[in-house]
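# Per-entry structural report
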Amino acid sequence: MNTAVITGASSGLGRGFAEFIDASCAQIDEIWLIARREERLNEIASSLVKKTRVFALDLTQASSIGTIKNALSESNAHVSLFISAAGYGKIGSSSSVSDEDTAGMIDLNCRAAVLCTRAVIPYMRAGDRIIEICSTSAFQPLQYLNVYAASKAFIYNYTRALRNELLPKGIAVTAVCPYWIKDTEFIGIAQNDGEDGRASGVRSFPLSTTAAKVVKRAMAASGAGFAVCTPDIVSFFHRIFAKILPRTVMLYIWDLLRR
Ligand SMILES: NC(=O)c1ccc[n+]([C@@H]2O[C@H](COP(=O)([O-])OP(=O)(O)OC[C@H]3O[C@@H](n4cnc5c(N)ncnc54)[C@H](OP(=O)(O)O)[C@@H]3O)[C@@H](O)[C@H]2O)c1
């Protein structure tokens, strides 16, 4: 059974990937949907044509990784496609983002993403694909998104290195690095409800893209075996400028843009 495993499948990009794979990936027989909200996952599962399995799991809990490992081993699944889309961010000054969210971003965006990836790799073979949803924030430090951007830099670097480790096995690994996406739940969750709220962070999201565009471009980049996918114009140029300009200059540019 060729299986696609998707984390963060209850909304936004994860949901978009599930729908895209259901409609366009004939070689996939079954889709595993992973996130915390079971009702949402069941709703999405029932709207898909392909066979599905729903895993209502909080990936920041160590036992959740064990549940995924057990399910993979019991079903002896062949994971043709793994998409790590579970993630969240909080906008705000260091003092306005809680300890819980600060640790939560690291736990989900770094620890859980790596452990889920490690869990599926033994069930993959040549021709299979891994897509790690990173962010354009991986390309530079960002004040008022400091932990989120650092967590994405971590997963970006992990993904780039993993790709080279898995090349001899013929498994393609792609880091997808979108700029703001306007039609997912991410921005609403990211707008910090701490004491100084939005005033301390990012106030506008110009040129933001859509989940459908990101999914389509990410799937094409992964199919073509690209190491990195910058699925929109802002992330495309951001990646180039971040390589050319000094970090200090990039931090000043971000300070102008975030206002
Ligand atoms: N939207 C943007 O502007 C943007 C830009 C660049 C990168 N990204 C990245 O894109 C990825 C997808 O985000 P999105 O825009 O699609 O936002 P989203 O709609 O909020 O989706 C996030 C997904 O992660 C799941 N999730 C959150 N906490 C979880 C936990 N503890 N355990 C398991 N699942 C959890 C959520 O489901 P439950 O709440 O049901 O658990 C949801 O399915 C994230 O990694 C994000 O960092 C987003």
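Let me sum up the structure you'll find in this document. (Residues numbered from 1 in each chain as written. Predicted model: local features only at pLDDT ≥ 70, side-chain atom pairs only at ≥ 80, totals over all residues. Heavy atoms only, no water.)

### Regarding the environment of Leu 257
What counts is decided by this rule: Helix and strand assignments come from DSSP, with helices taken as H or I runs of at least 4 residues and strands as E runs of at least 2, each series counted from the N terminus. Exposure classes here rest on a 1.4 Å probe applied to the protein chains alone. A residue is buried below 20% of its type maximum, exposed above 50%, and partly exposed in between.
Secondary-structure assignment places Leu 257 in helix α9 (residues 247-257). Leu 257 sits in the exposed class, given a relative accessible area of 54%. Distance in space between the C-alpha atoms of Leu 257 and Phe 205 is 8.9 Å, their sequence separation being 52 residues.

### Looking at the packing of aromatic side chains
Stated precisely, the cut-off is as follows: The aromatic pairing rule takes the rings of Phe, Tyr and Trp, using the six-membered ring of Trp, and pairs them if the centres are within 6.5 Å, calling planes under 30 degrees apart stacked, those over 60 edge-to-face and the rest tilted. By definition here, charges over rings are those cases where NZ of Lys or CZ of Arg is within 6 Å of the ring centre and within 35 degrees of the ring normal.
One pass over the full model with this rule turns up 7 aromatic pairs. Ring geometry for Trp 32 and Phe 55: centres 5.0 Å apart, planes at 40°, overall tilted. Here Phe 55 lies in strand β3 (residues 51-56) and Trp 32 lies in strand β2 (residues 30-35), a separation of 23 residues in the sequence. Ring geometry for Trp 180 against Phe 186: centres 6.4 Å apart, planes inclined by 50°, an arrangement best described as tilted. Note that Arg 53 overlies the ring of Trp 32, its terminal NZ or CZ placed 5.0 Å from the centroid.

### What about the environment of Ala 161?
Note that Ala 161 resides in helix α5 (residues 146-166). When its relative accessible area of 41% is taken as the criterion, Ala 161 is described as partly exposed. In this structure, the C-alpha to C-alpha distance between Ala 161 and Ile 34, residues 127 residues apart in sequence, is 25 Å.

### Topic: the packing of helix α1 (residues 12-24) against helix α7 (residues 211-223)
What counts, and what does not: An axis is simply a line fitted to the C-alpha atoms; with a helix, the fit covers only the stretch in contact. Between two such axes, the angle follows the N-to-C directions and lies from 0 to 180 degrees. The scheme is simple: roughly parallel for angles under 35 degrees, roughly antiparallel for over 145, roughly perpendicular for 65 to 115, oblique for anything else. Two helices that cross are described as forming a left-handed crossing if the nearer one is turned anticlockwise from the farther one by less than a right angle, and a right-handed crossing if clockwise. Any two residues whose heavy atoms approach within 4.5 Å are treated as being in contact. Gly falls in the polar group here, along with every residue not listed as nonpolar (Ala, Val, Leu, Ile, Met, Phe, Trp, Tyr, Cys, Pro) or charged (Asp, Glu, Lys, Arg).
The interhelical angle for the contact between α1 and α7, taken along N-to-C directions, is 60°, at an axis separation of 9 Å. The angle between the axes of α1 and α7 places the two elements in the oblique class. Seen from above, α1 lies across α7 with right-handed handedness. Along its contact with α1, which presents Leu 13, Gly 16, Phe 17, Phe 20 and Ile 21, the element α7 presents Ala 211, Val 214, Val 215, Lys 216, Ala 218 and Met 219. Partitioned by chemical class, the residues of the contact of α1 with α7 number 9 nonpolar, 1 polar and 1 charged.

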